[in-house]
Amino acid sequence: MPLTHAAVAAASEALEVSRDAAAVFALAEIVLLDVTDSTNKYAAERARDGAATGLLVVAEQQTSGRGRLDRRWESPAGAGLTLSLLLRPDVPADEWPWIGLMAAVAVADTLTAHGVARAAVKWPNDVLAGGHKIAGLLNERVETPSGPALILGIGLNIDQSAAELPLPTATSMRLATGSAHNRAGVLASLLAQLSQALQRAADPQARRTAYLQSCATIGQIVRVELPAEAPLTGEARGIDAQGRLLVATGGRVRPISAGDVVHVRPAR
Ligand code: BTN
């Protein structure tokens, strides 16, 4: 069923209801687009034009949805959720990765609440269901006249059939649970989870605990494709204070800040 502006507004009201005094963001404006090239691009343009924190952009269809590491995000019109949230975090830039990490936890928690089994985060912020990719996040820093902004971009597969997914390693909520899901209802849960997650992102102890609970990467032998050097293989041992993945390889532990991780097998 197509999302309507009323349904998206109702979803954000669910956020208001779930929000307590300590919640860290409120939706300032909701934009629902039938088609756009990329919600992240749209939100970035609005940020440069002065849009306030809390702008939510939802699109029924993206023609050039973007993924991490210059990949594409493909989703048929109306099949999933493709959205971007503009934030202007009032914390030092080296804290920003935690916002993305916690947003991924929020997606995994949303999936669990909707009956998806074995929903987990793959470092840094892919979300898996039973080992298959079900959601991805692209978090981008944008320079604007009033300071840097963060665009949290989320793509979540909801109603896709196997034939509609770009890769055999991907899945959707429908495939994972065997039943249909109301996209506005999933959006409402996601916004509520995001509110909690962003609150936790400000607390070093709480965010670390939440991320480690949700992250399936720790304890795996991983292969990491690095942006500017040869891939490495090693054991994912943990996360450091900056949210970097700690990989034991070649007799030392390397902190990885960016890369594409493949889970090879459990370490033991
Ligand atoms: C990835 O898995 O590599 C990240 C995918 C992120 C896709 C979302 S869809 C909404 C937002 N707009 C974009 O162009 N990309 C993100």
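Read from one edge of the open sheet, five strands run E11-E10-E9-E8-E12, paired in antiparallel fashion. The open sheet has two free edges, formed respectively by strand E11 (252-256) and strand E12 (260-266), since each of these has just one partner strand. When strand polarity is set aside, the average angle formed by the axes of neighbouring strands in this sheet is 40 degrees. Pairing analysis gives six bridges linking strand E8 (residues 220-225) to E12, with the strands arranged antiparallel. Residue pairing in the sheet places Val222 in a bridge with His263 of E12.

Quick look at the confidence of the model for the chain now. Averaged over all residues, the pLDDT of the chain is 93; the fraction at 70 or higher stands at 95%. For residues 17-23, every residue scores under 50 in pLDDT, and the model assigns this stretch eight contacts once sequence neighbours within four places are set aside.

Attention shifts here to the environment of Arg174. Along the polypeptide, Arg174 turns up in helix H4 (residues 173-177). If we skip the residues at most four places from it in the chain, Arg174 touches Ile158, Asp159, Gln160, Ser161, Ser179 and His181. Within polar-contact distance, the side chain of Arg174 engages the backbone oxygen of Asp159 at 2.8 Å.

In spatial order, the strands read E1-E2-E3-E7-E6-E5-E4; together these seven strands make up an open sheet with mixed pairing. Here the strands that pair on one side only, and so sit at the sheet edges, are strand E1 (29-36) and strand E4 (119-122). On average, each strand axis in the sheet is tilted by 20 degrees relative to the strand beside it, whichever way the strands run. Where strand E3 (residues 80-87) and strand E7 (residues 147-157) come together, eight bridges link them in antiparallel fashion. The residue bridging Leu87 from the neighbouring strand is Leu150, located in E7. Contacting E3, E4, strand E5 (126-129), strand E6 (132-144) and E7, helix H3 (residues 96-113) crosses the sheet at an angle of about 25 degrees to E7. Where helix H5 (residues 183-200) meets the sheet, its contacts fall on strand E2 (55-62), E3 and E7, and the angle it forms with E3 comes to roughly 30 degrees.

As a matter of local geometry, the ligand sits amid 20 residues, with Ser38, Gln62, Arg66, Arg68 and Lys133 nearest to it. Contact distances for the ligand include 2.7 Å between an oxygen atom and a backbone N or O atom of Arg68. A distance of 2.5 Å separates an oxygen atom of the ligand from a polar side-chain atom of Lys133. Within the complex, the protein chains bury 98% of what would otherwise be the 410 Å² of accessible surface of the ligand. Counting residues per element, the ones that place at least two in the shell around the ligand are helix H2 (39-48), E3, E6 and E7. If one sorts the elements of the shell around the ligand by residue count, E6 sits on top with four residues. Among the residues making up the shell around the ligand, the classes are represented as five nonpolar, 11 polar and four charged.

So, how was this worked out
Residues numbered from 1 in each chain as written. Predicted model: local features only at pLDDT ≥ 70, side-chain atom pairs only at ≥ 80, totals over all residues. Heavy atoms only, no water. Pairing = 2+ DSSP bridges. Helix = DSSP H or I, 4+ residues; strand = E, 2+ residues; numbered from the N terminus. Axes fitted to C-alpha atoms, helices over the stretch in contact; angles between N-to-C directions. pLDDT = per-residue confidence, 0-100. Contact = heavy atoms within 4.5 Å. Polar contact = N/O pair within 3.5 Å; in protein donor to acceptor, adjacent residues only side chain to side chain. Near = heavy atom within 4 Å. Areas by Shrake-Rupley, 256 points an atom, 1.4 Å probe, with all protein chains shown as cover. Nonpolar A, V, L, I, M, F, W, Y, C, P; charged D, E, K, R; others polar.

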